[in-house]
Amino acid sequence: MVPIAQAEKQILWDPRSQSKFVVGGGSQISLYEWAPEQSGIRHLSSRGDLSFVKCFAWSPDPAFDDLFAVGLVTGRVELIRLEATRLARNNVLSSGAVAALPVRNSRSCNTLAFCQADPNYLAVGLDKVRGDPSLVIWDVQSCVSTLLPSKIGPPSNDAVVARPQPHIAKADAGPRADSRMLQQHALTEVVSALSFLPQSTCLLLAGMSFRWLRLFDLRSPTSATTNVASKVSGIATNVIDPHQVACCGDGTVTIWDIRKLPQPLLTFTDKDAVADGERPRPGSVVHHIEFSSTRRGMLAVMEKDSTYVRFWDIRSANAADTSEGERSRDSSQSRAPRRSWTNLPWTASGSGAGIGISELQNPSSVVLADTRKTKSFGSSLASFALVPDGNPFSVTSQIMVVNKEGDLELHVLHDAPKQSTWSSRGDLVIGAGLSCKIFPGFQDEGKPSHPWDASIDQTSDDPIPFGNGGANSPLVSKRDAKENSTLLTARFADSRQYKPRLYSPASFRHFRLEPSPARDERRVERPFQRHDGERIELRVQHAPTEKRTPRNGKDNSPAIQQVVEDDISMVMRTRAICGYGISNVVHNAKLTRTDPFGRCGISEIWAWILHSQGLLCFPTARIHGYDFSNQGLQGIWHGFPPLPRVTVARSKSTISLPVDLLSTSFEAATADTNSSGTPSPTDIPGLLGTSSQSAEDVFYGDFDAAVGLLLSRQNPARIPPSPSLRTKKMKQRQFALQLCGWSLSDEDLSSVIKKWERDGQCTRAACWLVFTKQYTKALEVLMRSEDETHHLVAGTLAALVPGGSKSSEMRELSERLIVRLLDPYVRAMLTQLTSKDWSDVLEEEALPLHERLAIAFQYLEDKALSSYLHRTVEHLSSRGVIEGLIITGLTPDGMDILQNYVDHTGDVQTAAILSSYVCPARFQDLRAERWQEAYRDLLDGFRLFHHRVNFDIGRGQILREAVRNGDLPSAFEWVPRHILIRCNYCSKPTNPSNTAATSNNRVTTCPGCDRALPRCCVCLMTLKIVPDASRDADLFISRSASKDTIEDAIIMCQTCRHGGHASHILEWFFGEEGTGLHGICPVAECNCRCGDEL
């Protein structure tokens, strides 16, 4: 049904999904036919003698494709046939017969609705009048025969089709009532909208008095009703989801589930249309709504006097924390309790952002996330109708619109839902309609290399820089960097001795030896079966992969392919194959220099770890009860609690990262350390021996003495000069400057100034000369530059340096100039010379972090320095800048920075590797456990199983070192148990951690239910399961491992579940001399070949 306001045009499509539609307005109704093959609209028939038309509805009766019900302002309803006007009878062309449905009291007919399940039922909605119902249900079957041409006559009884059940019950309306009238409802109420539910003959929805949504059950004369408070001016039913209904009132659209009417599923307004960028119109009123008959969950909405139609995907809803005043809802809806995003139900088949609309309980907590709109038409629209599409997999939706002048236009909207998903190996699949395209994340060139085959760069001729690499290298001498690299290599030299990979011959049975075919890049046709039996062809296209091109070069690959290849998952895969891991600190720093994510500071943080471990961990990291390993500048400046005395006394190793993990070469591990000339860990004093600390340490707990000892271990020529300001933490400042990798000694500063000048970084060299008050040299450096702008800067500096002609005008001019300059070092120079405030210089975030930290420790007072470190950590943590670890170190505060770094970049690989050094070896953090498990799953998804095992081995060595140091208890489980024996009766583990089962010598029974354990299938003796704690205690008492033999071991076949003592099973299958005796299971009537798996 479509209401008609004055002479406003309205459009209605054929309910039988044919190509016909009707446009009505004023006193005329016209029937058209759309020819899609010709892209034309053909006029079929018109009726122009109608007067006082208020609304009309199109009957879905398949026997009459042109039957309409027209409601007049008097309340009278007329049934007419539009195409009947084209038939001439007796040389007379008339308007055709009319069947009238009268009304007792004259009032306006507001709405009409035919029943789709039984087209003979017609609901009529009227204005209110005293003592007369406003909702009337008619049975028009008897009067439809009068609309047939006289030559045809009424249909015979044999042609009458049985009407669907259940029938609408007929109420007793008195002897004078029309026999076609079935029921009457809604006394003294206005009926504004009507709609029968799809596939139902007796459920009718009605909008009552613009205040209520009422559901009528017409199976009984006294209809049962369900009322919901809601402003309703229009109702739309969903053919695809019959229980889903939408209604509109003022500017609000509400989605309901008829089975849960008291609470709406979703409520939204034009304010929620954030996806298409349209600004909300104040005072907008929803004029017409309609569900798509081919696209599930698609609702078309048109506002009054709007120039476009908006499409809402009600299946795409996201949580939103909005205030009560942000959306216009009535009081009954605003009182609904809010629900958090975590409590919302998820669909079983949708993506992570999808929400099952049928399960939502609170419309205030979700908003629609997917909206589209048509183009903006030239004039205001009067109405629209969605064009049905016979193709269920169409990528477009068609809509016919009519403006207020009566002009028609067909618009095509590309709104096919696109499904996208990532494979575990990095491929992106995007599907729409019957087509899908695969974008591979990498070029499949065969089996990836093994971890031990990776080319690890261990050359130490070039020092590993901090900052942005190369041009931004810090003041760390090449000799110091080489010494640190040599020590780190020695720490790894006695580690794992890699051997060529050995495979079991039986394992090759599971592999196909023939070469696998290359990936077909052509279009592939894949048929699949629809529910109706029709075979549909699915077109799959593989996007070709090309070699990556430099970012500054010409790239001819599609943009989306480039996005897939540059995704962080592909970057992590490339790193892993190239040897990025726990034991490759030097290689990690060099590898991430050219990384697409290298600008995030990853290379700088690896270089800092290499540098800091060389300062903190040699020959020992534990001094006077303090463990300096993994500490950053914040720990050096503020201090941290000492270790317990017992822990210090038990410590056998004195380093943070294990002996075999700080060097980075797999190749060095495979070399013979005795003949290579590389010093072994035992040759370094204190490296593997007993810690120099003891419980009788007289300086235990003295942090200043510990820092002083750290400082005294460094090369005296490399110790930074003492800052000129007064401070209570002079040793902390000096060591922090070294930890920053920044030396201001005359020798180092002079050499690095020359290097910067050769590299063309004249402003950087001049900036640090100004900071160290070498103004003349700074001016000379700028004047020697080939850049003329540097000469102009030299003139400005000459006027600002001490001794120059200063003036207030000059300072004001310099301050204005600072804002316009692009070079951060020039801005820093001018800021320092004009304001004399180092805090203003530190606000220059374009300077590398380690340089700003060096400035802070050199020139800021104690209180200002503490405040600056705190602000910088908060700022870097909020932005996810991983370089913040230089300040926090690998501490719990550093885990916060890593979490934000993962949130910003998705680089779970770096977070997993860095956190493995300290979690759980130093402290527990659930986030670190999630990163590590996510990275392990990622490697398994890429089928990089050897790389994942190598990662696990590195973590195990760290945990082993922590157990040896006493940081973890000796009973700590490095790896969770993968195999557990359970009782066949009670399903409880048969090897509990306690020894209660062995206290009564009951090792042959289940500790849970006391039932006997299974018997050995060879000797038929009951098996024994001794808890690990009891066995270890017996071995400790006996002082010998001779009792721990294979006699106590148990072997179980994973196929037939039979087993027994390991010695008996091996003897059964292989005999005493290893010759095969039996091939099948020793249990009678069991034909399992258990021996093949041994």
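These numbers were taken from a predicted model, which means no experiment stands behind them. (Residues numbered from 1 in each chain as written. Predicted model: local features only at pLDDT ≥ 70, side-chain atom pairs only at ≥ 80, totals over all residues. Heavy atoms only, no water.)

## Comments concerning the packing of helix H21 (residues 849-859) against helix H22 (residues 862-879)
Okay, so step 1: Interhelical geometry of H21 versus H22 gives an angle of 160 degrees and a closest axis separation of 10 Å. With respect to H22, the axis of H21 lies roughly antiparallel. Crossing hand, H21 versus H22: right-handed. Packed against H21, whose contacting residues are Leu-849, Arg-852, Leu-853, Ala-856 and Phe-857, the element H22 presents Leu-865, Tyr-868, Leu-869, Thr-872 and Leu-876 at the interface. (Axes fitted to C-alpha atoms, helices over the stretch in contact; angles between N-to-C directions. Helix = DSSP H or I, 4+ residues; strand = E, 2+ residues; numbered from the N terminus. Parallel < 35°, antiparallel > 145°, perpendicular 65-115°, else oblique. Left-handed = near helix turned anticlockwise from the far one by under 90°. Contact = heavy atoms within 4.5 Å.)

## Describing the confidence of the model for the chain
Okay, so step 1: Residues at a pLDDT of 70 or more form 71% of the chain, whose mean pLDDT is 75.
Okay, so step 2: This stretch, residues 321-361, has a pLDDT under 50; its non-local contacts, to residues over four places away or in other chains, come to 83 contacts.
Okay, so step 3: The low-confidence segment residues 647-695, where pLDDT is below 50, has 140 contacts with residues more than four positions distant or belonging to other chains. (pLDDT = per-residue confidence, 0-100.)

## Describing the side chain of Asp-118
Okay, so step 1: Along the polypeptide, Asp-118 turns up in the loop between strand E12 (109-114) and strand E13 (121-126).
Okay, so step 2: Its relative accessible area of 2% is what places Asp-118 among the buried residues. (Buried < 20%, exposed > 50% of the residue type's maximum accessible area, 1.4 Å probe, protein only.)

## Overview of helix H16 (residues 775-784)
Residues spaced three or four apart along an α-helix face the same direction, because each turn holds 3.6 residues.
Okay, so step 1: Here H16 has its buried residues at Tyr-775, Ala-778, Val-781 and Leu-782. Taken down its axis, H16 places every buried residue within 120 degrees of arc, on the same side.
Okay, so step 2: The inward-facing, buried residues of H16 abut helix H14 (746-758), helix H15 (762-771), helix H17 (788-800) and helix H19 (824-835). (Arc of directions from axis to C-beta.)

## Re the packing of H15 against H16
Okay, so step 1: Two elements in contact, H15 and H16, have axes whose closest approach is 8 Å; the angle formed by their N-to-C orientations is 170 degrees. On the basis of the axis angle, H15 is roughly antiparallel to H16. Every residue of H16 that contacts H15 at Cys-762, Thr-763, Ala-765, Ala-766, Leu-769 and Val-770 is listed here: Tyr-775, Lys-777, Ala-778, Val-781 and Leu-782.
Okay, so step 2: Of the residues that constitute the contact of H15 with H16, the class distribution is 9 nonpolar, 1 polar and 1 charged. (Nonpolar A, V, L, I, M, F, W, Y, C, P; charged D, E, K, R; others polar.)

## Thoughts on the pairing of strand E20 (residues 234-237)
Okay, so step 1: Side chains Gly-234 and Ala-236 of E20 all project onto a buried face; the interleaved residues Ile-235 and Thr-237 project onto the opposite face, where all are buried too.
Okay, so step 2: Pairing of E20 with strand E21 (residues 244-249) involves 4 bridges; the strand directions are antiparallel. Bridge pairing in E21 links Ala-236 to Ala-246.
Okay, so step 3: Between the antiparallel neighbours E20 and E21 lie 6 residues. (Pairing = 2+ DSSP bridges.)

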